[in-house]
Amino acid sequence: MYFPTAGIECSPFVPFAVALGVSFFTSMGGVSGAFLLLPFQMSVLGYVNPSVSATNQFFNVLACPAGVWRYWREGRLLWPLTLVVALGTLPGVFAGALIRINLLPDPRHFKIFAGLVLLYVAAKMLRDLLSRRRHPSGGTSRAASPAARLTTGGSCQVLFWNTRILAFSFQDQEYRISCRGIVLLSLIVGLVGGVYGIGGGAIMAPFLVSFFGLPVHAVAGASLFATFLTSVAGVGFYSLLAPLHPGLAVAPDWRLGLLLGLGGMAGMYLGARCQKHIPATALKYLLAGILLFTAARYLGQAL
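Residues numbered from 1 in each chain as written. Predicted model: local features only at pLDDT ≥ 70, side-chain atom pairs only at ≥ 80, totals over all residues. Heavy atoms only, no water.

Enquirer: Would you take a moment to explain the overall build of the protein for this structure?
Expert: Within the protein one finds eleven helices and five strands. In the protein, which comprises 303 residues, the share counted as buried stands at 55%. By sequence separation, contacts in the protein at least 24 residues apart represent 80% of the contacts at least 6 residues apart. (Helix = DSSP H or I, 4+ residues; strand = E, 2+ residues; numbered from the N terminus. Buried < 20%, exposed > 50% of the residue type's maximum accessible area, 1.4 Å probe, protein only. Contact = heavy atoms within 4.5 Å.)

This is the structure we're talking about:
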């Protein structure tokens with residue numbers, strides 16, 4: 001099948017199958033898988049023009065709702081956290097799209113930028129894991145019960161939420177986080193996500209786990225839903241910018257995005273369904289390992 005916007009030709013089964021496999025594993029950690037599908041599209045399929053970012057965000061629009069719905073059914077979707085993250089990431093996504101088109105159209109420069117960002121996130125996660133920082137900076141009010149330690153399941157309960165503090169409980173532990181701190185971090189992550197073409201919330205989960213000490217099983221749904229919201233805005237913004245750059249492919253490749261999105265939809269639902277059976281530490285090491293591999297590949301190709 002030929003994809004005109006991307007300027008590539010491949011079997012339609014390939015993007016569908018890759019998106020399904022990638023999304024199955026990454027959705028367990030609250031990551032859409034878009035950050036791995038971008039190097040796949042650029043390095044394997046040869047899709048290197050700026051519209052790859054918009055196509056990647058279109059993948060998020062189609063794929064994320066399946067995982068979000070599953071987390072919501074299991075009571076592990078923190079709506080206040082979702083809204084706070086989206087509030088910060090949306091402006092960043094718009095700014096990131098402008099930077100991607102006007103300042104980083106060269107694939108080599110783009111790979112260096114993306115590789116350094118992913119390397120930093122992976123190093124932060126590994127440092128936190130090795131130092132065994134198991135409690136959030138906001139503190140937990142009580143230790144987890146033996147029953148809670150035996151399972152990674154359970155639902156989240158919002159205790160209170162205002163413009164300054166969000167407090168919730170999960171597995172007999174209470175977590176308090178600064179809403180302003182989340183908004184500021186989300187703005188920075190949204191900027192990176194807009195440039196990288198993965199949606200503002202797509203790499204938010206590793207930051208929430210590493211910087212705020214939140215449990216990965218509790219933030220995965222919020223991160224995916226914020227990714228969906230910011231990706232909708234990102235796809236719309238890239239589409240509006242396309243007529244202003246007639247000599248540059250900016251709008252998504254809808255055919256390729258549809259195939260990736262359908263595969264991601266199936267993978268995210270299955271990943272969200274299986275996540276509660278995987279220990280949090282294993283999920284963190286999985287995320288860090290994937291980030292390191294991708295960062296090394298990008299930097300190796302660009303330098």
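That was the structure; now back to the text.
Enquirer: So what exactly am I meant to see when it comes to the packing of aromatic side chains here?
Expert: Any pair of aromatic rings gets described here by the distance separating the centres and the angle formed by the planes. Tallied over the full model, the rule gives six aromatic pairs. With 4.9 Å between their ring centres and 85° between their planes, Phe-58 and Trp-254 make a pair best called edge-to-face. Of this pair, Phe-58 sits in helix H3 (residues 51-73) while Trp-254 sits in helix H10 (residues 254-274), and the two are 196 residues apart along the sequence. Residue Phe-58 is classed as buried on the basis of its relative accessible area, which comes to 14%. Residue class for Trp-254 comes out partly exposed when judged on its relative accessible area of 44%. Ring centres 6.1 Å apart and planes at 25° place the aromatic pair Trp-69 and Tyr-269 in the stacked group. Here the residue Trp-69 occupies a position in helix H3, and Tyr-269 occupies one in helix H10, the gap between them amounting to 200 residues. (Phe/Tyr/Trp six-rings, centres within 6.5 Å; stacked < 30°, edge-to-face > 60°.)

Enquirer: I keep staring at the pattern of salt bridges and nothing clicks. Help me out?
Expert: It is possible for side chains bearing opposite charge to pair when their charged atoms get close. Taken as a whole, this structure holds four salt bridges when the rule is applied. Between Glu-74 and Arg-76 there is a salt bridge; the shortest N-O distance is 2.3 Å. Assigned by exposure class, Glu-74 and Arg-76 land together as buried. The closest approach of N and O atoms between Arg-176 and Glu-174, which form a salt bridge, is 2.9 Å. Its relative accessible area of 11% is what places Glu-174 among the buried residues. Linked by salt bridges that have partners in common, Arg-70, Glu-74, Arg-76 and Lys-276 make up one network. (Salt bridge = Lys/Arg side-chain N within 4 Å of Asp/Glu carboxyl O.)

Enquirer: Would you mind showing me how to read the nonpolar core here?
Expert: In globular proteins that are soluble, nonpolar side chains generally tend to be buried together. Among the nonpolar cores identified, the biggest contains 73 residues, and Phe-59, Leu-81, Ile-182, Leu-208 and Leu-214 are the most heavily contacted of them. Here the element with the most residues in this core is helix H9 (residues 216-241); it accounts for eight residues. Dropping the residues within four chain positions of it, Ile-182 is found in contact with Leu-81, Val-84, Val-85, Ile-177, Met-204, Leu-208 and Phe-212. Within the second largest apolar cluster, eight residues are counted, among which are Ala-54, Ile-101, Leu-241 and Val-250. (Core = buried A, V, L, I, M, F, W, Y, C linked by side-chain atoms within 4.5 Å.)

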